[in-house]
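Close look at the chain arrangement
Take a look at the letters that make up each chain.
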Amino acid sequence: MAVVPYKDQNNDKKSQVAQMFDNIAGKYDFLNHFLSAGIDIVWRKKAVSLLVKEKPKLMLDIATGTADFAIEALSLQPEKIVGVDISEGMLAVGRQKLQRKGLTDKIELKYGDSENLPFEDNTFDAITVAFGVRNFENLKQGLAEMNRVLKPGGTAVVLEFSKPQRFPMKQLYQFYFKNILPVVGRFVSKDRAAYTYLPESVQAFPDGQEFLKIFEEVGFKNTKWHSLTFGISSIYIGKK
Ligand SMILES: C[S@@+](CC[C@H](N)C(=O)[O-])C[C@H]1O[C@@H](n2cnc3c(N)ncnc32)[C@H](O)[C@@H]1O
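Residues numbered from 1 in each chain as written. Predicted model: local features only at pLDDT ≥ 70, side-chain atom pairs only at ≥ 80, totals over all residues. Heavy atoms only, no water.

**Section: the overall build of the protein chain**
A count of helical and extended segments in the protein chain gives eight helices and seven strands. Computed over C-alpha atoms, the radius of gyration of the protein chain comes to 17 Å, within 12% of the 18 Å expected from 2.2 N^0.38 for 240 residues, which places it in the range of a compact globule. The principal-axis extents of the C-alpha atoms in the protein chain amount to approximately 45 × 40 × 35 Å. Here the protein chain holds 240 residues, and the buried ones make up 55% of them. Considering only residue pairs separated by 6 or more positions, the protein chain has 70% of its internal contacts joining residues 24 or more positions apart. Accessible surface, the protein chain as shown: approximately 11400 Å² in total, 55% of it carbon and sulfur. Side-chain charges of the protein chain comprise 33 positive and 28 negative groups, with the mean position of each set lying 5 Å from the other. (Helix = DSSP H or I, 4+ residues; strand = E, 2+ residues; numbered from the N terminus. Rg over C-alpha atoms; globule rule 2.2 N^0.38 Å. Buried < 20%, exposed > 50% of the residue type's maximum accessible area, 1.4 Å probe, protein only. Contact = heavy atoms within 4.5 Å. Areas by Shrake-Rupley, 256 points an atom, 1.4 Å probe, with all protein chains shown as cover. Lys, Arg positive; Asp, Glu negative; His and termini not counted. Charge placed at Lys NZ, Arg CZ, Asp CG, Glu CD.)

**Here's the deal with the site of the ligand**
Neighbouring the ligand are 19 residues, the closest being Tyr28, Ala63, Asp85, Ser114 and Ala130. At a separation of 3.0 Å, a nitrogen atom of the ligand approaches a polar side-chain atom of Asp113. If you tally residues by element for the shell around the ligand, the top one is helix α1 (residues 13-35), at four residues. For the shell around the ligand, a count of residues per class yields eight nonpolar, seven polar and four charged. (Near = heavy atom within 4 Å. Polar contact = N/O pair within 3.5 Å; in protein donor to acceptor, adjacent residues only side chain to side chain. Nonpolar A, V, L, I, M, F, W, Y, C, P; charged D, E, K, R; others polar.)

**Notes on the UniProt feature "binding site: S-adenosyl-L-methionine" (unreviewed entry) in the protein chain**
The sites that carry the UniProt feature "binding site: S-adenosyl-L-methionine" (unreviewed entry) are, in the present numbering, Thr66, Asp85, Asp113 and Ser114. Along the chain, Asp85 turns up in strand β2 (residues 80-85). When residues no more than four places from it in sequence are discounted, the contact partners of Asp85 are Ala63, Thr64, Gly65, Leu91, Lys110, Tyr111 and Gly112. Only 2.8 Å separates the side chain of Asp85 from the backbone nitrogen of Gly65, close enough to count as a polar contact. If you trace the backbone, Asp113 turns up in the loop between β3 (107-111) and β4 (124-130). According to the relative accessible area criterion, Asp113 is buried, its value standing at 16%. (UniProt positions renumbered as here; feature names shortened; annotations may be inferred.)

**Comments concerning the side chain of Asp61**
Following the sequence through the fold, Asp61 ends up in strand β1 (residues 58-62). We note that Asp61 is buried and unpaired, the nearest opposite charge coming from Arg44 at a distance of 7.6 Å. A polar contact is formed between the side chain of Asp61 and the side chain of Thr64, at a distance of 2.7 Å. Polar side-chain contacts of Asp61 include one of 3.5 Å to the backbone nitrogen of Ala70. Those residues in contact with Asp61, other than ones at most four positions away along the chain, are Phe69, Ala70, Ile81, Val82, Gly83, Val84, Thr128 and Val129. (Salt bridge = Lys/Arg side-chain N within 4 Å of Asp/Glu carboxyl O.)

**Some details on the pattern of salt bridges**
Applying the stated criterion to the full structure yields 17 salt bridges. Taking the shortest distance from any N to any O, the salt bridge between Arg148 and Asp121 comes out at 2.8 Å. Here Asp121 lies in the loop between β3 and β4 and Arg148 lies in helix α5 (residues 139-149), a separation of 27 residues in the sequence. The class for Arg148 is partly exposed, based on a relative accessible area of 23%. The network of salt bridges with common partners includes Lys14, Asp113 and Glu115.

So this is what it looks like as structure tokens:
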């Protein structure tokens, strides 16, 4: 059974996830940085740094949301970054941000589903996804699509929450994720489910070695896994 945000609704995970991110879009950036004490910014920087040697020209940021990862990736000086997402609410916040920062000529945001990407085969030099793959309805299909639109020799970088395995971080993290984060998240976002869905979806997500196995099954090679901050997050990297 897929973990979904609104368990009393019958619609599929994809439409529930889009609905949830539409609901919280206005508070998303604040909650992200507040609930992670800003570590999410450090994690995105680290993920982007793994692409420095590749010097990508055309990049795709999947599940781009409010475009934070795409903006971070501009440090690589690509010619262009395209960001796709299924939440029009998140894209709208992202577009305002790009406008404010004068970045609309460098980053283009458009509606796009990771499991059916609106691009030709072998299009992008590098592809990034931050905190997105856990929300896919069909993880393997989403990763296979990523591989399809990546150029041969191109690199994909995936940043996602993972589950710390060791005492005492495992216990501290579980306490925080189950007891503090949902209460603060609900209070600020006013969405009844989003910050309960977050720990539940992390719990259900195949992290670490399990993720690498699926990543390789869809065709990625030279795969590597970097554990960040006691295993709270992980970066997965692979080549086509
Ligand atoms: C936690 S946010 C991450 C946003 C951004 N990447 C960041 O680092 O802040 C997850 C995003 O994934 C998007 N998403 C979920 N499923 C998707 C799918 N199948 N295709 C494209 N985007 C998807 C959601 O709409 C949401 O904006």
